[in-house]
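Fold and geometry: a report
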Amino acid sequence: LSGPLIKKDEKHLQSSWMEATAHAAAGLGMRQSDEVAIIASARLSNEELYLTKKIAKALGTELVATVPRVGESDGKLISADRNPNTTGASLIWNTSEPSEKLEAIREGVSSGRIKALIVLSEDLLEEAGFESTDLEKLDHLVVSHTHANPTASHANVVFSGAGFAEKRATYVNVTGRLQRANQAVIAPGDSRDDWETLAALLSQLDENYSPPTSMDAVLNDISSEVSEFKGQTFGSIGDLGIRITETGVTIPLLEQEKARVESGQIVG
């Protein structure tokens with residue numbers, strides 16, 4: 001995707017960011033708080049997950065969830081948790097399980113109780129257990145993604161997001177280590193960093209909110225509100241990251257290497 005889209009007469013047409021954001025906010029603002037939900041990917045950055053929480057607060061909804069991805073650890077580097085930022089979501093949303101409300105949201109959409117839904121960087125028809133008939137029951141669907149997908153095809157508004165290599169951001173890995181990522185390539189066309197999209201949407205939903213001028217400003221807000229992030233900046237994290245919480249999870253390969261170093265074996 002290379003720019004925002006609005007569905008008109010069953011067709012998705014290119015739109016300006018201002019028009020798309022206003023259209024998304026208008027449809028969300030028309031609903032009661034218990035009629036709105038958000039599904040945000042645990043692949044999103046800390047900054048995006050923080051703004052997601054702010055949007056949920058502005059809408060008055062507690063129906064916010066991630067989509068879990070769990071496999072088997074390879075005993076080396078691949079974690080059983082296939083999402084890269086479940087820990088960040090847990091810390092920022094202050095929950096031990098950020099995906100726990102997914103089933104309630106799915107049931108609410110299917111029954112028609114939930115009338116408006118925001119979906120961030122997920123295709124609900126792929127791994128979240130939704131059916132096309134569920135999404136057809138929604139009055140207002142807002143989707144942000146890097147690519148066209150079946151969920152986006154149902155959306156009233158589609159925001160074109162940035163991929164992991166196309167943005168500057170921070171994440172917290174499965175061991176509780178805060179890590180930073182630098183932008184490697186430019187997102188295509190008129191696509192935006194997701195934090196910019198979310199901040200613009202939030203400013204439409206909350207007239208008292210002033211959008212930040214940079215991703216660093218969002219991280220500063222997280223540092224002032226989430227205790228584990230206190231004092232952290234993009235610069236302070238360092239190239240190897242910094243552990244900000246204990247999760248009880250280790251990376252087997254790194255532990256093996258550490259043991260070899262401590263025993264005097266050659267490593268490398």
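Overview of the structure. The residue numbering used here restarts from 1 in each chain and proceeds along that chain's sequence as written. For a predicted model such as this one, the threshold for reporting local features is a pLDDT of at least 70, and the threshold for listing and counting side-chain atom pairs is 80 or more; totals across whole chains, interfaces and linings nevertheless cover every residue. Each side-chain value is worked out from all heavy atoms of the structure, with water and hydrogens disregarded.

Notes on the side chain of E48
For clarity, the cut-off: For helices the rule is a DSSP run of H or I covering at least 4 residues; for strands it is a run of E covering at least 2, with both sets numbered from the N terminus onward. Relative accessibility under 20% of the residue-type maximum defines a buried residue, over 50% an exposed one, and the middle range a partly exposed one, all with a 1.4 Å probe and only protein chains included. Two residues form a contact once any of their heavy atoms are found within 4.5 Å.
On the secondary structure map, E48 appears in helix α2 (residues 46–59). Judged by relative accessible area, E48 falls into the buried class, the value being 2%. In this structure, E48 is in contact with K167, D194, W195 and L198, ignoring residues within four places of it in sequence.

A short note on the layout of surface pockets
Inclusion rule: Whether a set of points on the 1 Å grid over the protein atoms alone is a cavity depends on a 1.4 Å probe fitting there but being unable to get out, while an open set qualifies as a pocket with protein on both sides within 12 Å along at least five of seven lines; lining residues are those with an atom within 4 Å of a point. Grid points are joined across faces, edges and corners, and a volume is the space filled by probe spheres set on the points. Classification used: nonpolar for Ala, Val, Leu, Ile, Met, Phe, Trp, Tyr, Cys and Pro, charged for Asp, Glu, Lys and Arg, polar for all others including Gly.
Empty space within the largest pocket amounts to approximately 770 Å³. Counting only elements with at least two residues in the lining of the largest pocket, the list comes to α3 (86–93), β8 (169–172) and β9 (177–181). If one sorts the elements of the lining of the largest pocket by residue count, β9 sits on top with three residues. Among the residues forming the lining of the largest pocket, the class breakdown is 16 nonpolar, 17 polar and eleven charged.

Observations concerning the sheet that holds β8
Remark on secondary structure: sheet strands pair via backbone hydrogen bonds, oriented parallel or antiparallel. Where we set the bar: One bridge is not enough; two strands pair if DSSP finds at least two bridges between them. Structural elements are reduced to axes, namely lines fitted to C-alpha atoms, with helices fitted over the stretch in contact, and the angle between N-to-C directions of any two is expressed from 0 to 180 degrees.
Taking strand neighbours across the sheet as the criterion, the three strands line up as β8-β9-β10 in an open arrangement whose pairing is antiparallel. At either margin of the open sheet sits one strand with a lone partner, and together these are β8 and β10 (242–243). Note: β9 against β10, two bridges, orientation antiparallel. Within β10, the position partnered with L178 by the bridge is I242. Packed on one face of the sheet, α2 meets β8 and β9 and runs near 85° to β8.

Remarks on empty space enclosed by the protein
Counted by the stated rule, this structure contains one cavity of 30 Å³ or more. Roughly 30 Å³ of volume is contained in the largest cavity. Lining the largest cavity, in full, are I118, L120, V142, V143, S144, F159, L198 and L201. Where the lining of the largest cavity is concerned, the elements lending two or more residues are β5 (116–120), β6 (140–145) and α8 (194–205). When residues in the lining of the largest cavity are grouped by element, the largest group, three residues, is from β6. Class assignment of the residues belonging to the lining of the largest cavity gives a composition of seven nonpolar, one polar and no charged.

Let's talk about α8
The test is simple: Every helix has an expected span of 1.5 Å times one less than the residues it contains.
Its twelve residues give α8 an end-to-end C-alpha distance of 17 Å, which sits within 8% of 16 Å, the value for a rise of 1.5 Å per residue. Taken together, the buried positions of α8 are D194, W195, T197, L198, A199, A200, L201 and L202. Buried positions along α8 lie against α1 (17–29), α2, β5, β6, β7 (157–160) and α9 (215–225).

A look at the nonpolar core
Defined as follows: To qualify as a nonpolar core, a set must consist of buried Ala, Val, Leu, Ile, Met, Phe, Trp, Tyr and Cys residues joined through side-chain atoms within 4.5 Å.
In this structure, L28, L51, I55, I118 and F229 are the most contacted members of the largest nonpolar core, which totals 44 residues. Sorting elements by how many residues they give to this core places α2 first, with six residues. Not counting residues up to four positions away in its chain, the partners in contact with I55 are I38, I118, L198, L201, L202 and L205. In this structure, L5, I39, A65 and L117 belong to the second largest nonpolar core, which totals 21 residues.

A word on the packing of α2 against α8
How we decide: Angle categories are assigned with fixed cut-offs, so that under 35 degrees is roughly parallel, over 145 is roughly antiparallel, 65 to 115 is roughly perpendicular, and the rest are oblique. It is the rotation of the near helix from the far one that decides the hand of a crossing: anticlockwise by less than a right angle makes it left-handed, clockwise makes it right-handed.
With their axes 9 Å apart at the nearest point, α2 and α8 run at an angle of 15° to one another. Considered as vectors, α2 and α8 are oriented roughly parallel to each other. Crossing of α2 against α8: the hand is left-handed. Residues E48, L51, T52, K54, I55, A58 and L59 of α2 form the contact with α8, whose own contacting residues are D194, W195, L198, A199, L201, L202 and L205. The residue makeup of the contact of α2 with α8, split by class, is ten nonpolar, one polar and three charged.

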